[in-house]
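# A structural walkthrough
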Amino acid sequence: MQYQNTKASRRSSSSESLGRVARLASASAVVIFSLSTCCMCHAVKRLFCELGVSPTVYELDQDPNGQGMERALSKLLGNSSVVPVVYVGGELIGSIDRVMASHINGTLVPLLREAGALWL
Amino acid sequence: MESQRIGDTSSTLSADHNMPYALLRGLNPPNNTSFMYHSTQNYSNQEPPAFDFGELEEAIVLQGVKMSNDDSVRSSLYGSGTNRPAATLEMFPSWPTRFPRGSSKSGGGKENSDSGSALNTTISSRSEANLEPESPISQAFEQQQQLQLPQQQFQEMASDSPRTGVSHTEPASKSNYEKRKAAGSTSDRVTDPKTLRRLAQNREAARKSRLRKKAYVQQLETSRIRLAQLEQELQRARSQGIFMGGGAAGSNISPGAAMFDMEYSRWLDDDQRLISELRTALQAHLVDGDLRVIVDGYVAHYDEFFRLKGVAAKSDVFHLISGIWTTPAERCFLWMGGFRPSELIKMLIAQLDPLTQQQVVGIYSLQQSSQQAEEALSQGLEQLQQSLIETIASGSVNDGMHQMAVALGKLANLEGFLRQADNLRQQTLHQLRRTLTIRQAARCFMVIGEYYGRLRALSSLWASRPRETMMADDNSCQTTTELQMIQAAQHHFSNM
């Protein structure tokens, strides 16, 4: 009984976390899930600031549901390091290499404009 | 009597050496010729004929040489030799070695008979003690035309059998006389067509072996020169390494780093080849389809380079980040273990004309994007360094190991930054390929390859420049300006 409950609760908590992630991601134009200690997250934040975007940053180590969300994100992306994860306009962009690639091939800025994060 | 002896010989010959048996069989002129053919054919099929002749010579000499007791030199030369009884010696007629009478014969004949007689004298010295074995033997070994002598001997033996038989039994002086006589009889044979043919064949064989020897020596010479060049290069590279790494560069290299260095040098060779391919393709004005294949090949070549770096980063990220695998001039402009994409674009903009308006916009925005990405990564790395400093500097003495563990964890992030930097470089090259037409892209990559090639050449020129200017007082100004130039360049590029 307890086991089931635990399993059920774990399952629900993971889907809960995923749902929370999705909710938060759609709430703002640019959402970054980060860890305050992660330097790569710092790089991503700096990039968006340079572009003139002010992203909504969720530090998962400072969030009560942080661990669950981390797990959900790792399941989603399957990276060795979970964060940073970037959502633009509710759509998943991905980890930093995807962000870099999309910026270099010129697709990031139009997406930002579409999401309303950029007005120039 | 002679036939009887020959019969003895045949029994003793058995299977030891095919050659002597063949020689024996070759007593009759027709057989002789066939034997000659056979041997020359063999010789032309194999490598250094001289060697074969030497073996043959040795075999023949060994046949009889063993018998001489008072010739220690000979035995030392030939080692154990064969255990052939004296009977086989009967095969060779005894001829004089240094008698002036031999000179009356034809030139080739003289030589051959000398060597032949050399053999025979040694062989038959069993009965005669006062022969000169050493010089004939050395002579024999120097002769290239060994094959002819047994032939000639057998020719003469066949004709002079009675005389040969006589020479064996008679004392030295008499046998010498006989040899002279035997040698004299050889002159009759010189005009024989078969002998002439044999002589010609021998000459041909000798000529071929001389040519082969010449070719071999030439090959050796070029290899020697190449070896000297390689040693020079190695010395230069080593001195460079010592200059840069304070003596530790050569010794403390990790296996992953060594592997990368090796693969990188191979990649550089491929790079050179592909660049020249691009150049010829552009000059040849190939159709776009063919050019596309070459251009895509060059992009794949760089993809491979970034893959190699990724693999190396897993084992030794410090090696890559330090840039010790690059040349000094490249190291000047090093950013995160490689080239700075925005710098490359800046260099290319001037070289890529003419461009359409759209392309110009595309290239400029590419430059801007890469600059922004570079800045972001640099800032991220700076934060990593800061955090690392704090971890190592702070903390009580008790927490030492814990601090180290934390610091190690932070250091692991370096690999991530290097990978992102390489990712940025790769994306920049791919975007260039997309923005430009095929011909423009071909030119662009050729320019990139040439540019880095020149940087590397600059490094080696710099390394091999004369250093005496450092010593002279009146040249000190020149040296100072050189140093200032380098420092200025470094500052300029580090501030970008």
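Definitions and cut-offs
Residues numbered from 1 in each chain as written. Chains lettered and ligands numbered in written order. Predicted model: local features only at pLDDT ≥ 70, side-chain atom pairs only at ≥ 80, totals over all residues. Heavy atoms only, no water. pLDDT = per-residue confidence, 0-100. Contact = heavy atoms within 4.5 Å. Phe/Tyr/Trp six-rings, centres within 6.5 Å; stacked < 30°, edge-to-face > 60°. Helix = DSSP H or I, 4+ residues; strand = E, 2+ residues; numbered from the N terminus. Buried < 20%, exposed > 50% of the residue type's maximum accessible area, 1.4 Å probe, protein only. Axes fitted to C-alpha atoms, helices over the stretch in contact; angles between N-to-C directions. Parallel < 35°, antiparallel > 145°, perpendicular 65-115°, else oblique. Nonpolar A, V, L, I, M, F, W, Y, C, P; charged D, E, K, R; others polar. Patch = residues over 30% accessible without salt bridge, like charges linked within 9 Å, V, L, I, M, F, W, Y side chains within 5 Å. Areas by Shrake-Rupley, 256 points an atom, 1.4 Å probe, with all protein chains shown as cover. Salt bridge = Lys/Arg side-chain N within 4 Å of Asp/Glu carboxyl O. Pairing = 2+ DSSP bridges. Buried area = accessible area lost by both parts, 1.4 Å probe. Polar contact = N/O pair within 3.5 Å; in protein donor to acceptor, adjacent residues only side chain to side chain. Right-handed = clockwise from strand over helix to strand, strands pointing away.

Note: predicted coordinates in regions of low pLDDT should not be interpreted at a detailed level. All names here are of chain B. Taken residue by residue, chain B gives an average pLDDT of 72. The fraction at 70 or more is 53%. Residue range residues 1-24 is modelled with pLDDT below 50. Its contacts to residues more than four positions away, or to other chains, number 43 contacts. Below pLDDT 50 for its whole length, residues 26-50 participates in 47 contacts with residues either more than four positions away or in separate chains. The ipTM, which scores confidence in the relative placement of chains, is 0.89 for this predicted complex, and the corresponding pTM is 0.56.

On to the packing of aromatic side chains. All names here are of chain B. Taken as a whole and assessed by the stated rule, the structure comprises 17 aromatic pairs over all chains. An angle of 10° between the planes, with centres 6.1 Å apart, marks the rings of Tyr-264 and Trp-267 as stacked. Taken as a pair, Tyr-264 and Trp-267 lie in helix H11 (residues 255-284) at a separation of three residues, close to a single helical turn. For Trp-267, a relative accessible area of 5% translates into the label buried.

All names here are of chain B. Here helix H12 (residues 288-315) crosses helix H18 (residues 413-435) at 175°, and the two axes come no closer than 10 Å. With respect to H18, the element H12 is oriented roughly antiparallel. Two secondary-structure elements touch here, H12 through Arg-292, Val-295, Asp-296, Val-299, Tyr-302, Asp-303, Phe-306, Lys-309, Ala-313 and Lys-314 and H18 through Glu-415, Leu-418, Asp-422, Arg-425, Gln-426, Leu-429, His-430 and Arg-433. Of the residues in the contact of H12 with H18, the class split is seven nonpolar, two polar and nine charged.

Turning our attention to a nonpolar patch on the surface. Residues and elements named next belong to chain A. A cluster of nonpolar residues, Leu-18, Leu-76 and Leu-92, forms a patch on the protein surface that exposes about 230 Å² of accessible area. Within the fold, Leu-76 resides in helix H3 (residues 66-77). You can call Leu-76 partly exposed: its relative accessible area is 43%.

Before going further, it helps to examine the sheet that holds strand S3 (residues 85-88) of chain A. Residue and element names in this part refer to chain A. With mixed pairing, the four strands of this open sheet are ordered in space as S2-S1-S3-S4. Either end of the sheet is taken by a strand with one partner, and the two such strands are strand S2 (56-59) and strand S4 (91-94). On average, adjacent strands in this sheet sit at an angle of 25° to one another, irrespective of strand direction. With three bridges joining them, S3 and S4 adopt antiparallel strand pairing.

Across the boundary between the two partners, chain A contributes 16 residues, which contact 23 residues of chain B. Around 1,700 Å² of area is buried between chain A and chain B when both sides are counted, 65% of it from carbon and sulfur atoms. Looking only at chain A, the three residues that lose the most surface to chain B are Cys-39, Met-100 and Ile-104 of chain A, adding up to 37% of its buried area. Linking chain A to chain B there are four residue pairs in polar contact (both at pLDDT 80 or more). Mapped onto the side of chain A that touches chain B, the elements with two or more residues apiece are helix H2 (39-50) and helix H4 (96-104) of chain A. A total of seven residues in the side of chain A that touches chain B trace back to one element, the largest contributor, which is H2 of chain A. For the side of chain A that touches chain B, the class distribution of residues is 10 nonpolar, three polar and three charged.

Okay, the pairing of S2 of chain A next. Each regular strand shows side chains that alternate between the opposite faces of the sheet. Residues and elements named next belong to chain A. Bridge count between strand S1 (residues 30-34) and S2: four bridges; the pairing is parallel. Across the sheet, Val-31 pairs through a bridge with Thr-56, a residue of S2. Since S1 and S2 lie parallel, the crossover through H2 that links them has a hand, and here it is right-handed.

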